[in-house]
Amino acid sequence: MGGLRVDLSGAEIRVDPAGGAAADDGGSPPVFLPRQPAAPPLLALDIGGTLIKLVYTASCGGGGAELRFAKFERRRMQECFDFVRAQGLVHRNGSTMGSSKENIALKASGGGAYKYTEDFREKLGVCLDKVDEMDSVVSGANFLLQSVPGAAFTHMNGKKSSVDISPNNLFPYLLVNIGSGVSILKVTGNRKFERVTGTHIGGGTMFGLAKLLTGCKSYDEFLQLSQKGDNFVLDLIVKDICGELVCQKQGLSTSTLASSFGKVITSKKKLTDYRPEDLASTLLSAFTYNIAQISFLVASILRLRRVFFGGSYIRGHKSTMQNISYAIDFWSQSKMQAVFLQHEGYLGALGALMSYGDSGDKNMNLEEMKEEENIHESATPIDETSADEHNDGNIFPYLLVNIGSGVSMIEVTGNGKFERIIGSHLGGGTILGLARLLTGCSSYDEFLELSQRGNNLAVDLTVGDIYGEHGYPKIGLPASTTAASFGKVSSSRLSEYKVEDLAAALLNSFTYNIGQIAYFVANLSGLKRIFFRGAYICGHEKTMDKISHSLKSKGQVQTTFLCHEGFLGTLGAFWSYENMGIDGLAAHDVIREVLLGAPYTGQLPSLPLTHQQDNGEDTTFEGEVERLRHDNAVLKAELERLQRENTELKAKLVKSGKPNTFYHQT
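Fair warning: this is a prediction, and the values are worked out from it, not measured in the lab.

Trainee: Any chance you could explain the sheet that holds strand S17 (residues 398-403) here in plain terms?
Mentor: Across a sheet, strands are paired by hydrogen bonds formed along the backbone, either parallel or antiparallel in direction. Strand order in the open sheet formed by five strands is S19-S18-S17-S22-S23, with mixed pairing between adjacent strands. Strand pairing shows two members of the sheet lacking a second neighbour, strand S19 (417-424) and strand S23 (558-561), which therefore form its edges. Averaged over all adjacent pairs, the angle separating strand axes in this sheet is 25°, with direction ignored. In terms of strand pairing, S17 meets strand S22 (residues 529-533) through four bridges, oriented parallel. Paired with Asn402 across the two strands is Arg533, which belongs to S22. Most of the contacts of helix H16 (residues 541-550) go to S23, to which it runs at about 170°, and overall it touches S17, S22 and S23.

Take a look at the structure:
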């Protein structure tokens, strides 16, 4: 093994016009290595949660060798074994990669390299020389960016443009690797990187939900369906909520995405009434925008302007790249650019291949992994401040997160001083919309009740499912960590899954996502206090616990939920179409009263059945419920009045003949 190595000098992407050197994976053309010996062939693998990726050298005639690429679904591992044998990658002329069969060792990355060692030994007679996955991904990306001209490109407004990368000006950069889940890495040099965060809403989530909603059998089929669909059939946009007049007064685009799957809530349609193409298009836009948003926020926090996207779920797909590119450009105000990589799905396998002959390679066995199990885990408690410690002097500034059909995040710096920073289209409308399609539930309360009886692990892929019982301790991920929401879904038959488990997985994935984005926004804005409110929290203990847990290890912020948060908007005309309401709220002098009422900081106290009023009289729990019902009726009447007023204003505007001018932003 010591004499085996890869000579990367002079590497270039080669596409044979006659098709003679076509890649085994049609989307990944061969890479020509002019100084690499054709024999013996070298093979490296990346065995992930969903796919097995192979990179191998092959003779191309005329000297040198080619790097070729192939992939197989992990559930079809036998096809991978057959391919390796057919290509002569472990046996050629009786001796390949070693003096005898017993000495054959293949470089392998990914969690499957630990889980399937015996399968490779039994079927191919080889052992797997394990290389750390993140090390391999970074090495593969650096190889493409430093050594392969034309490997990096942008995809904006339907146009693909090559990006020239100077090896002397490459670092630092952000690498977003989209597999079943998503890992986000800050790369500062060769072999120098840090996994800063990740999200379990990735390719596995898209494909898992796509199987359940559309019946598709492969990810490529899902992508083809999405190309023919219209996400606006199911997505709620700003115009649907506010109307054109309000959009004009607020300076909002009528076509801004407000809530993915939000239209499903008020529709009487069942899952079978929707076209698979529209469902696929909605899934793709929902999750690619979300990945792009998290990537933008992390890059902003780290002050990085260079963001590279890789991973097996991009597939060179135009809409995927277009969505990510548009989102990064929009949120960064054109200060950042999404850059993609040729062979983006093979970064781990490329890095593993390059480790042949590398004496500096730091492979880990399971015992070494076990020893590092707790190195990166944070035990920092949340700075829990009691309600009595709040006062007018320290309550500002704070981040106010309003969870309705979508999510709005507002920085409040004082009475009447606020700014809407950003929002997310994955909110309560998305949760309930998907819940109605997947479980048939008719209300959010019914959905929450279902989720209480379910087990998300029946459909969610965990780190333990990929890496085994020790998890991935090198980067601080225990086995119980969710790696990919809905990533364990293997069947396209919805009837094979319990509705309770699907509900639990939906609640787990999206509430964690909201908490994560809120933390990044607070971090970016230097805010230490986050208040959550909105119709989709409304005192639901499970929802609050999930959001709190997503922020529990983030000791820098305090998480607080507002008493009667579902009514806060009306208390202060919070979402007034005149000025987004916060200064209205301050004008009524109720900001302190509401925010200091009964903060929830992760420990939900038992609600007393009676409480003492200022006049000394006891108020029963039943009386309090009756009072809230009365208040609710008053609030509904007020909402109807505002809607009538909005209609009248719109009619006056049309009658006056004033032009309707809107700018377009999706």
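Trainee: Explanation requested: the pairing of strand S10 (residues 173-178) in the structure shown.
Mentor: Along any regular strand the residues' side chains alternate between the sheet's two faces. With six of six residues buried, S10 is to be regarded as a mostly interior element. The alternating pattern of S10 places Tyr173, Leu175 and Asn177 and Leu174, Val176 and Ile178 on opposite faces, both of which are buried. Examined bridge by bridge, S10 and strand S11 (residues 182-189) share six bridges and lie antiparallel to one another. Considered in S11, the bridge of Val176 is made with Ile184.

Trainee: Is there a simple way to explain the packing of helix H13 (residues 444-452) against helix H15 (residues 499-525) in this structure?
Mentor: Packed helices, taken two at a time, are described by their axes: the angle between them and the distance between them. Axis separation between H13 and H15 bottoms out at 7 Å; the angle between their running directions is 105°. Judged on the interaxial angle alone, H15 and H13 are roughly perpendicular. For the pair H13 and H15, the contacting residues are Tyr444, Phe447, Leu448, Leu450 and Ser451 in the first and Val499, Glu500, Ala503, Ala504, Leu506 and Leu507 in the second. Residue composition of the contact of H13 with H15, grouped by class: nine nonpolar, one polar and one charged.

Trainee: Can you help me understand the pattern of salt bridges in this one?
Mentor: Oppositely charged side chains are able to pair whenever their charged atoms sit close together. A full pass over the atoms with the stated rule returns 16 salt bridges. For the salt bridge of Asp82 with Arg85, the shortest nitrogen-to-oxygen distance reads 3.1 Å. With a gap of three residues between them, Asp82 and Arg85 both fall in helix H1 (residues 77-86), about one helical turn apart. Where Lys488 meets Asp465, a salt bridge forms, and the shortest distance between an N and an O atom there is 3.3 Å. Here Asp465 lies in helix H14 (residues 463-467) and Lys488 lies in the loop between strand S21 (482-484) and H15, a separation of 23 residues in the sequence.

Trainee: Looking at this structure, how should I read the nonpolar core?
Mentor: Soluble globular proteins tend to pack their nonpolar side chains together in the buried interior. Counting 95 residues, the largest nonpolar core has Phe222, Phe309, Phe447 and Phe532 as its most contacted members. At 14 residues, helix H8 (residues 276-302) tops the list of elements feeding residues into this core. If near-sequence neighbours (up to four positions away) are discounted, Phe447 is found in contact with Ile431, Ala435, Cys441, Ala503, Leu506 and Leu507. One finds Val138, Tyr173, Tyr472 and Leu477 within the second-largest nonpolar core, a separate group that totals 72 residues.

Calculation rules
- Residues numbered from 1 in each chain as written.
- Predicted model: local features only at pLDDT ≥ 70, side-chain atom pairs only at ≥ 80, totals over all residues.
- Heavy atoms only, no water.
- Pairing = 2+ DSSP bridges.
- Helix = DSSP H or I, 4+ residues; strand = E, 2+ residues; numbered from the N terminus.
- Axes fitted to C-alpha atoms, helices over the stretch in contact; angles between N-to-C directions.
- Contact = heavy atoms within 4.5 Å.
- Buried < 20%, exposed > 50% of the residue type's maximum accessible area, 1.4 Å probe, protein only.
- Parallel < 35°, antiparallel > 145°, perpendicular 65-115°, else oblique.
- Nonpolar A, V, L, I, M, F, W, Y, C, P; charged D, E, K, R; others polar.
- Salt bridge = Lys/Arg side-chain N within 4 Å of Asp/Glu carboxyl O.
- Core = buried A, V, L, I, M, F, W, Y, C linked by side-chain atoms within 4.5 Å.

By themselves these figures say nothing about function.
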